[in-house]
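Descriptive analysis of the structure
As a plain string of letters, each chain reads:
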Amino acid sequence: MTYTYDVVVAGGGTAGSVAAVAAAREGARVLCFEQFGALGGTSTLGLVTPLMPFRIGDRWLVRGIHEEIVEATRRASDDGDGIFFNPERLKYVLEELAVEAGVELLYHTVATAAHVEDGRLVAVEVHNKSGRHILEAACFIDATGDADIAAYADVPFESGRPEDGLNQSASLRFIMAGVDWDALTAWLNEPGVGGQPPRLHLGFTRDREVYPWMEELLERAVADGVFVDDEAGYFQFFTLPGRPGEAIFNCPRLLRINGTRAEDLT
């Protein structure tokens, strides 16, 4: 089947969902397709919270639709402040913005080819459970995160650093439930770290040696085989708004990962 739009957005992550909303609000007929089952990409499906600093004091560095997302996420996240947020709530906020703007969404769909004529991208081929489809448009936005559409269109690209092709290390993000915050807070207060839920945030690197007592725990984890030495360089966890008894972790870092290789992702 062939479908025609004004704008086709490949990828419904942070960039793709916002681009689709912006285009639809300008009156364009927009389709945004996404390989997973929700919008937000790393922020929702990858659990990359919080929203990184977007203002200095009262001076906003990013405005427009971003402000709408921050405010809607704050309202929807119970005790959220718009910076620390519940990823499940953000999925809802982004999808509501898209639907209200008139964006057509197509989940569980991946690009498989790009059709180029006279140096111009004219169509993208996608595949999902419904089969193979051709998406034509006057404008395509590649928000896949890995420049999939550009690569399919034979646009030259580079990946990794020149000397060995390695990319930035990956991070394993996960949520732990059943946390006894009272006991954990009391334990953290012993070495003077402080911090009380729901605004508890703890992070450090081995190089900085911010908390020597935590450095000892990391060294023990390496000795016990829980971490390999290279992966124990960074440790961070914090509370999640609206999710009592849960903590989200940003650790360990995973080296020698290429995000365009299914074998590495597996």
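Here, the structure is the one placed above.
Presented here is an overview of the structure given in this document. Being a predicted model, the structure only gives us computed values, none of them experimental. (Residues numbered from 1 in each chain as written. Predicted model: local features only at pLDDT ≥ 70, side-chain atom pairs only at ≥ 80, totals over all residues. Heavy atoms only, no water.)

A closer look at the layout of surface pockets
What counts is decided by this rule: Cavities and pockets are found on a 1 Å grid laid over the protein atoms alone: a cavity is a set of points where a 1.4 Å probe fits but cannot escape, a pocket is an open set with protein on both sides within 12 Å along at least five of seven lines, and a lining residue has an atom within 4 Å of such a point. Grid points are joined across faces, edges and corners, and a volume is the space filled by probe spheres set on the points. Going along the chain from the N terminus, every DSSP run of H or I of four or more residues is numbered as a helix, and every run of E of two or more is numbered as a strand. The nonpolar class holds Ala, Val, Leu, Ile, Met, Phe, Trp, Tyr, Cys and Pro. Asp, Glu, Lys and Arg form the charged class, and all remaining residues, Gly among them, are polar.
Quantified by volume, the largest pocket comes out at close to 1,900 Å³. What lines the largest pocket is a set of 48 residues, and nearest its centre among them are Thr42, Thr144, Asp146, Gly259 and Leu265. Examining the composition of the lining of the largest pocket, we find that 4 residues originate from one element, strand 9 (residues 170-176), more than from any other. Here the second largest pocket defines a volume of roughly 250 Å³. Contributing to the lining of the second largest pocket are 14 residues, with Met214, Leu217, Leu218, Phe235 and Phe249 lying nearest its centre. With 5 residues, the top contributor of residues to the lining of the second largest pocket is helix 6 (residues 212-223). Of the residues that constitute the lining of the second largest pocket, the class distribution is 12 nonpolar, no polar and 2 charged.

What about the packing of helix 2 (residues 65-76) against helix 3 (residues 87-101)?
Defined as follows: For helices, the fitted axis covers only the stretch in contact; all axes are lines through C-alpha atoms, and the angles between them, taken along N-to-C directions, range from 0 to 180 degrees. Reported orientations rely on four angle classes, namely roughly parallel under 35 degrees, roughly antiparallel over 145, roughly perpendicular from 65 to 115, and oblique for the rest. Should the near helix be turned anticlockwise from the far one by less than a right angle, the crossing is termed left-handed; should it be turned clockwise, right-handed. What makes two residues a contact is simply this: any of their non-hydrogen atoms within 4.5 Å.
Here helix 2 crosses helix 3 at 130 degrees, and the two axes come no closer than 9 Å. Classified by the angle their axes make, helix 2 and helix 3 are oblique. Classified by chirality, the crossing of helix 3 by helix 2 is right-handed. Within the contact between the two elements, helix 2 uses Glu68, Ile69, Ala72, Thr73 and Ala76 and helix 3 uses Arg89, Leu90, Val93, Leu94 and Leu97.

Topic: the sheet that holds strand 1 (residues 2-10)
Applicable threshold: Here, a strand pair is defined by DSSP locating no fewer than two bridges between the strands.
If you walk across this open sheet you meet the 6 strands as 5-2-1-8-7-6, and the pairing is mixed. The open sheet has two edge strands with one neighbour each: strand 5 (104-106) and strand 6 (110-117). With strand direction ignored, the average angle separating the axes of adjacent strands in the sheet is 40 degrees. Where strand 1 lies against strand 2 (residues 30-33), 4 bridges are found, and the strand directions are parallel. Bridged to Val7 within strand 2 is Val30. In this fold helix 1 (residues 14-25) packs onto strand 1, strand 2 and strand 8 (131-142), with an angle of close to 170 degrees to the strand it touches most, strand 2.

Things to note about the pairing of strand 11 (residues 234-239)
This is how the line gets drawn: For the exposure calls, accessible area comes from a 1.4 Å probe over protein chains only, and a residue counts as buried if that area is under 20% of its type's maximum, exposed if over 50%, partly exposed in between.
Most of strand 11 sits inside the fold, with 5 of its 6 residues counted as buried. When strand 11 meets strand 12 (residues 247-254), the two strands line up antiparallel, connected through 3 bridges. When the bridges of strand 12 are listed, Phe238 appears paired with Ile248.

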